[in-house]
Amino acid sequence: LVPPSEVSEGGGTLAKDQHGTPIPASQLLAEPPGTRALIAGLASEPTYLTVKDDGTLEPIGIVNNCTHLGCTFPWNPLDQQFQCPCHGSRYTPDGVVVRGPANLPLKLAHVAVKDDAIWLYPWTETDPRTGEPPWWV
Ligand code: FES
């Protein structure tokens, strides 16, 4: 077996764990549907990946960087929200603000599974939540 290279031609980055080891898709997909798994993504930014009800990975990653002042935040499965502990901002599963002080949606990344590798790609086109160009580009 030839290990995949760390960065693909299309600007992709392998999803890695906290030790910098690439995470196989099969490892995340062994988790129950609804799991939010935190991985190191583009530029090592912590990014949430979601296991969907159909047992595949959501093709949209949510970057764990509060748009208020940049804190990282946990997923609250009871409330089905990302909840920032620093000043109380809350976000929907899609990363839309439901309570400030944050006023911008969470940054997105594309997620693609190829041969059990998880790749992340920069999100540069229209933000589907706002219908506008992404604020982070
Ligand atoms: Fe998240 Fe302030 S940094 S609410």
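Here the structure is shown first, and the text comes after it.
Heads up: these notes are all about the structure in this document. A quick note: this is a predicted structure, and the numbers were derived from the prediction, not measured.

Comments concerning the packing of aromatic side chains
Here the structure, examined in full by the defined rule, presents six aromatic pairs. Seen in terms of ring centroids, Tyr48 and Phe82 are 4.9 Å apart; in terms of plane orientation they differ by 40°. Their pairing is tilted. With a gap of 34 residues between them, Tyr48 in strand β3 (residues 46-50) and Phe82 in strand β6 (residues 81-83) connect regions that are remote in the sequence. Phe82 shares its class with Tyr48; the two are buried.

Let's talk about the state of the cysteines
By the definition in use, this model includes one disulfide. A disulfide bridge connects Cys71 with Cys86, and the sulfur atoms are separated by 1.9 Å. Across the S-S bond linking Cys71 and Cys86, the dihedral sits near -95°, which makes this disulfide left-handed. Here the residue Cys71 occupies a position in the loop between β4 (60-63) and β5 (75-76), and Cys86 occupies one in the loop between β6 and β7 (90-91), the gap between them amounting to 15 residues.

Some thoughts on the sheet that holds β3
Here six strands make up an open sheet; going across it, the order is β1-β10-β9-β4-β3-β2 and the pairing antiparallel. Each of the sheet's edge strands pairs with one partner strand only, and the pair in question is β1 (13-14) and β2 (36-40). The sheet contact formed by β4 and strand β9 (residues 108-114) spans three bridges and is antiparallel. Looking at β9, one finds that Gly61 is bridged to Ala109.

Cut-offs applied
Residues numbered from 1 in each chain as written. Predicted model: local features only at pLDDT ≥ 70, side-chain atom pairs only at ≥ 80, totals over all residues. Heavy atoms only, no water. Phe/Tyr/Trp six-rings, centres within 6.5 Å; stacked < 30°, edge-to-face > 60°. Helix = DSSP H or I, 4+ residues; strand = E, 2+ residues; numbered from the N terminus. Buried < 20%, exposed > 50% of the residue type's maximum accessible area, 1.4 Å probe, protein only. Disulfide = S-S within 2.5 Å. Pairing = 2+ DSSP bridges.

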